[in-house]
Amino acid sequence: MLEVQVTDTVTINVDGELAQVPKGVNVIEAMRVVGKEKEIPHYCYHPKLSVVGNCRMCLVEVGNPMRDRQTGEAILDENGIQKIGWAPKPVIACATNVSEGMHVRTNTPSLVDCRNGVTEFLLINHPLDCPICDQAGECRLQEFSAEHGRGYSRFKEEKNVKPKRTRLGPRVTLDDERCILCSRCVRFSQEVAKDDVLGFVDRGTYSTLTCYPGKELSNNYSLNTVDICPVGALTSTDFRFKMRVWFLKRTHSICTESSVGSNTEIWSREGKIYRITPRRNDAVNDTWMTDSGRGLFKEFESEDRLKSYSVDQVAKSLDDAIAATRALLESGSVGVIGSAHSSLEEQYLLHKIVKHTGASYEMIQHIGEGDGLLMSEDRTPNLRGALITGLINELPETQLGQLKGAIESGQIKTLLVFNEDLEQLGMDLSKLKESVQVIYFGSSKNSTSEQAKVVFPSLSVFEKEGTFVNQNFILQKFKQAILPPMGLMSDCGVLKAILNELDKESNAVAMATVDELWGEISENVELLKSVRWSEIPEEGLALDAEAFANMNFVETENLKYKPKLVSETI
Amino acid sequence: MSFLDYLLPVLYALAMVGVFMTLCAYSVLAERKVCSLIQRRVGPNRAKIPIVGHIPIIGKILTRLGIFHPAADGLKFLFKEEITPQHVRIGYYYLAPIIALAPALTTMVVLPFGRYIDVNGMVQPIALANIDVGILFILAVSSLGVYGIVLAGWASNSKYPFLGAIRSTAQMISYELAMGLSILPVFLWAASPGTDYGLSLFGVVLAQQGLWLIIWQPISALIFLVAIFAETNRLPFDMAESETDLVGGFHTEYGAFKFGLFFVAEYAHIIMGSALFVLLFLGGWHFLPGVADPWPDGLLGILCSISWFMLKIFFMIFFFIWMRWSMPRFRYDQVMHLGWKILLPLAVANFVFYIFLIAFIDNLNY
Amino acid sequence: MAKTKVLERKPLTFSEKTYIPQIASGLAATFVNMFKKSVTLEYPEVRPVIPENYRGVPTLVKDPKGRVKCVSCQLCEFVCPPKAIRIMPSEINEEDSDRAHIEKEPAAFDINMLRCIYCGLCQEVCPEEAIFLQDTFSLSGYTREEMVFGKDKLLKLGGTLPDNHFKWDKKKQAEENPECHH
């Protein structure tokens, strides 16, 4: 990947114990490597942002081995061990890089005193409205106050009162009283989102976070400021006062917005998704994701959601729908329009159906405008998965090719459609209705589903598990967060059932779980040999993309993607 | 014999059964009320019937006294779901409560409960049937009551009723001996030469015109009283029911009106026992020991004698109840010990003593 | 090992063996009781005295100014062992000038009284002293739905309790005082 591989290490002494840490990192990161991250509390430092050092919480004592200034010789104590020259005052760990032989103390009484002092100052004007604060439960100030606060206030004067709900942008609301002026949000806007709209105004206790006059925090990455805010000052207008975070179940998932495949966490309670936040993956999305990707779950809560199997627009059982499908597929001259929205497992099974029925197959590419960060031009999460499973051999066009002609001329009798709306592909459904029987797989109603002979409602990415392959050929798995609508089976299950119906004697696919399905995939797909479902790591598995090196992918440069030179020359 | 001669006895019998059953019902109320008094509670005080219950002051007092509760209890037993467990022997199962109640009702036939003076100026008893062997009839028939319990225990086909029935049988046999022996001196005493009453209850009452027999024969009275407690299965001798170790004993498997019959039978036995004790030892309808009966002539005198007799029965019922809420239950081996090793020898000794005493007194007279 | 001492049971005297004096004294004891005053509390008409700190039905209380104290922090929902409490939080409208600074209130606050075990943890955990187990102790209903008490019913049961903190008033005062405000 693009990550610089740190091979050099230095040896430092942490609280009397020697430790190997990467060269050049700061002390907070070094402690993370050592496993002492909890020892150094911090607010303003963020691993993906520049260091400013204005919270003064991460104080540590640092010392270096003493050397004679003139001769450069080591100064030894009476035992013959090199003396340590401790810095007279504690230093901030975030702005101190490790060096060979450095000594670090993280927990001396004076350091605890310092942190207690910093905490007391931060709490002076803090409203202490944890009961109504959305950050409660994941608040750094709350955590460190529990550890370093004194439990009562010595502050007799009136607390400062500031506005409680300032609108910073369409999706972000600021509670000024809670802000501890760490400036993470300001730095994020400048450095990552490249949309420099935030800043502090006024002085002393009157300091306030605000937008530049006439501007607002409206870029597509604004909700990341809410994520990185260590207190409850920046709140998501959408999630505000909806649910306390300790009730929410966290599930690892993948964003389906574009081929970037940002790693996400789904926060749900009792089958209802409340919010989606990014999950750190330095090879894919660092710690960010787009605002638009966070709202994707809402479209599955709409009225348009398909909720039952149907044949001839009449709700039927799954068995009836599959029997109807079998009859249609066996009647010959089948066309299939696949989707890069399907998971790799679904594409694999669809490929088997295509091979079995000898169908003519095509796929559509969905292209939008990229923003150079975490939204790529390819608006499907799994185009590369289709390449890997062999469903397609070359990049698809944005419109149907030969298949369109074949359909319109009546050569195709049965058409299996995944997620696409035929009307948008320029076909007149009312005309086609006589010549083509459509089998539709999709999660929401559209004009195609309303005309289709058989409809199989698909599950959303939150209701099933599987894998996507992202723009950098990283195989990433997503887990099931909530239960699907009652009575619905995953597309994988439906496709397996159809395959078994088509090929009853050999019982082509018998496996029930994704794990078992992967046993077959790893046998039959060249690139996925020896990959096991359970062995795909949380941070994804980088696949060998050599075979597709000369393909002209649509993605332009973004946060973690560099187009191959070959594509530029063509 | 005219038609009326047939009809009258039937009407008398029906009236007696009516009075007797009402007595049973109100004994239950008395039991509940006395129990609550002893335990410093209020007891039944809620049931109310329309109109009567709403009469301003009287209605309220009657309600507080629980007067309407027996009716509610009876109705409850009647209208409860009639459950018959699958494992019982149906015929005997239904027969048992009837057999339990029937003897108690039968014995009252020979019970003299008052006196009148006939046209010849002779004192005659008021009873459905004044037979000479009244006590034998009572002893014979009331002992059949145990068949109800035994049959209930056996037909229930279940272990606790069975144990209760077995205990009850053994207990009945044990105490019947002592009971029989304890009343022999009474009849020896009453049937003094020259009278021809023999084993008649009326004769015993007549013999108590002066002093009551409880004064002449305290030991007999005591043994008879204990035996009556045992025969009626009342605490401290309720081995058959013994709800602490046998759930409900013989009536565990019974519900609704079948249980109601057992319940009524228990109180019928108590009333019969009380009446017998009053007749044998407490002077029947005689006023007070050593005092001549102040009953006037005619109908009023009859009513007075009956009322006085009833009053004594009420006291005995109260005593039964009072005893129940004061005493713990005997252990089963203690029951057997008391019956066989103490009461029986005592009764024999008592009998022998009175044989000699009566023989001695008779010799004095002649 | 502790020494075990076998206590000889005292032999019964003759009078004790006859049981009669004992029975008589027992009868006397019960007889005397019959004339003492009844201790029964005739419940529906006469109500027992509920002691302070009695843990009856959980209720929501209002402050002396009649405002709902609950800010729907959902800590009671979290701590409730039988999971009897359900809260739907909502934001207080900005136009509601009297309460806008409180920001949050429960849109729905349900306690399933069939589940509640009256442990009092909700009262203990409440940071706003808005939920109290008060003196209501007898509940009944014809359906299960009826026994799920909503916000209005809980507030009606709870009534008003004195508020010793005046947290929100103080804050509002400070907000309106230009000396403190930016």
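Here goes a summary of the coordinates provided. (Residues numbered from 1 in each chain as written. Chains lettered and ligands numbered in written order. Predicted model: local features only at pLDDT ≥ 70, side-chain atom pairs only at ≥ 80, totals over all residues. Heavy atoms only, no water.)

**Topic: the overall build of chain C**
Helix and strand counts for chain C come out as six helices and five strands. For chain C, the N- to C-terminal ordering of α and β elements is α-α-β-α-β-β-α-β-β-α-α. Expected size for 182 residues packed as a compact globule is a radius of gyration near 16 Å; at 29 Å, chain C overshoots this value by more than 25%. Referenced to the eigenvectors of the C-alpha coordinate spread, the extents of chain C come out at roughly 100 × 50 × 35 Å. The contacts in chain C between residues at least 6 apart in sequence include a share of 70% that link residues at least 24 apart. (Helix = DSSP H or I, 4+ residues; strand = E, 2+ residues; numbered from the N terminus. Rg over C-alpha atoms; globule rule 2.2 N^0.38 Å. Contact = heavy atoms within 4.5 Å.)

**Looking at the overall build of chain A**
The number of helices and strands found in chain A is 15 helices and 24 strands. The dimensions of chain A, computed from C-alpha atoms along their principal axes, are 90 × 55 × 45 Å. Residue burial in chain A is summarised as follows: out of 570 residues, 53% are buried. Pairs at least 24 residues apart make up 65% of the contacts formed inside chain A by residues separated by at least 6 positions. Of the roughly 25300 Å² of accessible surface on chain A, 50% is carried by carbon and sulfur atoms. (Buried < 20%, exposed > 50% of the residue type's maximum accessible area, 1.4 Å probe, protein only. Areas by Shrake-Rupley, 256 points an atom, 1.4 Å probe, with all protein chains shown as cover.)

**Remarks on the interface of chain A and chain C**
With 26 residues of chain A at the interface, the matching set in chain C holds 27 residues. The largest share of the area that chain A buries against chain C comes from Val161(A), Arg165(A) and Phe241(A), three residues that together contribute 31% of it. The interface formed by chain A and chain C holds six salt bridges in total. Across the pair Arg165(A) and Glu91(C) runs a salt bridge, and its minimum N-O distance is 3.0 Å. The interface formed by chain A and chain C includes eight residue pairs in polar contact (both at pLDDT 80 or more). (Buried area = accessible area lost by both parts, 1.4 Å probe. Salt bridge = Lys/Arg side-chain N within 4 Å of Asp/Glu carboxyl O. Polar contact = N/O pair within 3.5 Å; in protein donor to acceptor, adjacent residues only side chain to side chain.)

**Side note on the sheet that holds strand S23 (residues 474–478) of chain A**
Residue and element names in this part refer to chain A. Overall, antiparallel pairing links the three strands, which are arranged S22-S23-S24 in an open sheet. The open sheet is flanked by strand S22 (466–469) and strand S24 (541–542), the only strands paired with a single partner. Note that S23 and S24 share two bridges and pair antiparallel. By the bridge assignment, Ile474 is partnered in S24 with Ala542. (Pairing = 2+ DSSP bridges.)

**As for the interface of chain C and chain B**
Across the contact, 17 residues belong to chain C and 19 residues belong to chain B. Summed over both partners, the interface of chain C with chain B comes to about 1600 Å²; 66% of that surface belongs to carbon and sulfur atoms. Summed over the three residues of chain C that lose the most area to chain B, namely Leu27(C), Met34(C) and Glu42(C), the buried surface amounts to 36% of that side. The residue Arg46(B) makes a salt bridge to Glu42(C) at a minimum N-O spacing of 3.2 Å.

**Examining the packing of helix H4 (residues 90–107) of chain B against helix H6 (residues 145–155) of chain B**
Residue and element names in this part refer to chain B. In contact at an axis separation of 7 Å, H4 and H6 are set at 160° when each is read in the N-to-C sense. Classified by the angle their axes make, H4 and H6 are roughly antiparallel. Two packed elements cross with a definite hand, and for H4 against H6 that hand is left-handed. Residue-level inspection shows Tyr92, Tyr93, Leu95, Ala96, Ile99, Ala100 and Pro103 of H4 in contact with H6, the latter providing Gly145, Tyr147, Gly148, Leu151, Ala152, Trp154 and Ala155. For the contact of H4 with H6, a count of residues per class yields 12 nonpolar, two polar and no charged. (Axes fitted to C-alpha atoms, helices over the stretch in contact; angles between N-to-C directions. Parallel < 35°, antiparallel > 145°, perpendicular 65-115°, else oblique. Left-handed = near helix turned anticlockwise from the far one by under 90°. Nonpolar A, V, L, I, M, F, W, Y, C, P; charged D, E, K, R; others polar.)

**A closer look at the environment of Val88(B)**
By the secondary structure assignment, Val88(B) is in the loop between helix H3 (69–79) and H4. Take Val88(B): its relative accessible area is 8%, and that puts it in the buried class.

**What about the packing of aromatic side chains?**
Within the structure shown, the criterion is met by 38 aromatic pairs over all chains. Considering the side-chain rings of Tyr92(B) and Trp154(B), the 5.4 Å spacing of their centres and the 70° angle between planes classify their relative orientation as edge-to-face. On the criterion of sequence distance, the pair formed by Tyr92(B) in helix H4 and Trp154(B) in helix H6 is long-range, its members being 62 residues apart. On the accessibility criterion, Tyr92(B) (42% relative accessible area) is partly exposed. Its relative accessible area of 40% is what places Trp154(B) among the partly exposed residues. Through a chain of ring-to-ring contacts, the aromatic side chains of Phe229(B), Phe318(B), Phe319(B), Phe320(B), Trp322(B), Phe31(C) and Phe35(C) assemble into a single cluster. Residue placement shows Arg384(A) over the ring face of Phe553(A); its charged tip is 3.9 Å from the ring centre. (Phe/Tyr/Trp six-rings, centres within 6.5 Å; stacked < 30°, edge-to-face > 60°. Lys NZ or Arg CZ within 6 Å of the ring centre and 35° of its normal.)

**Some details on a nonpolar patch on the surface**
Residues and elements named next belong to chain B. Together, Phe3, Leu4, Leu7, Leu8, Val10, Leu11, Tyr12, Leu14 and Leu128 make up an exposed nonpolar region whose accessible area comes to about 860 Å². In this structure, Leu11 sits in helix H1 (residues 3–38). For Leu11, a relative accessible area of 45% puts it in the partly exposed group. (Patch = residues over 30% accessible without salt bridge, like charges linked within 9 Å, V, L, I, M, F, W, Y side chains within 5 Å.)

**Structural notes on the pattern of salt bridges**
Under the criterion given, the structure shown has 48 salt bridges over all chains. As a salt-bridge pair, Arg178(A) and Asp175(A) come within 3.3 Å of each other at their nearest N and O atoms. Exposure class is identical for Arg178(A) and Asp175(A). Each is buried. Between Asp312(A) and Lys453(A) there is a salt bridge; the shortest N-O distance is 3.2 Å. Here Lys453(A) lies in the loop between helix H12 (447–451) and strand S21 (454–457) and Asp312(A) lies in the loop between strand S15 (310–311) and strand S16 (314–315), a separation of 141 residues in the sequence. Bridged by salt links that share partners, the residues Asp129(A), Lys164(A), Arg165(A), Asp175(A), Glu177(A), Arg178(A), Arg240(A), Glu91(C) and Glu103(C) form one connected network.

**Some details on the sheet that holds strand S7 (residues 166–167) of chain A**
In a beta sheet, neighbouring strands pair by backbone hydrogen bonds and run either parallel or antiparallel. Residues and elements named next belong to chain A. Spatial ordering of the open sheet is given by S7-S8-S11, a layout of three strands whose pairing is antiparallel. Of all the strands in the sheet, the pair left with one neighbour each is S7 and strand S11 (234–236). Relative to S11, strand S8 (residues 172–174) runs antiparallel, the two being bridged by three bridges. The partner of Thr173 across the bridge, within S11, is Thr235.

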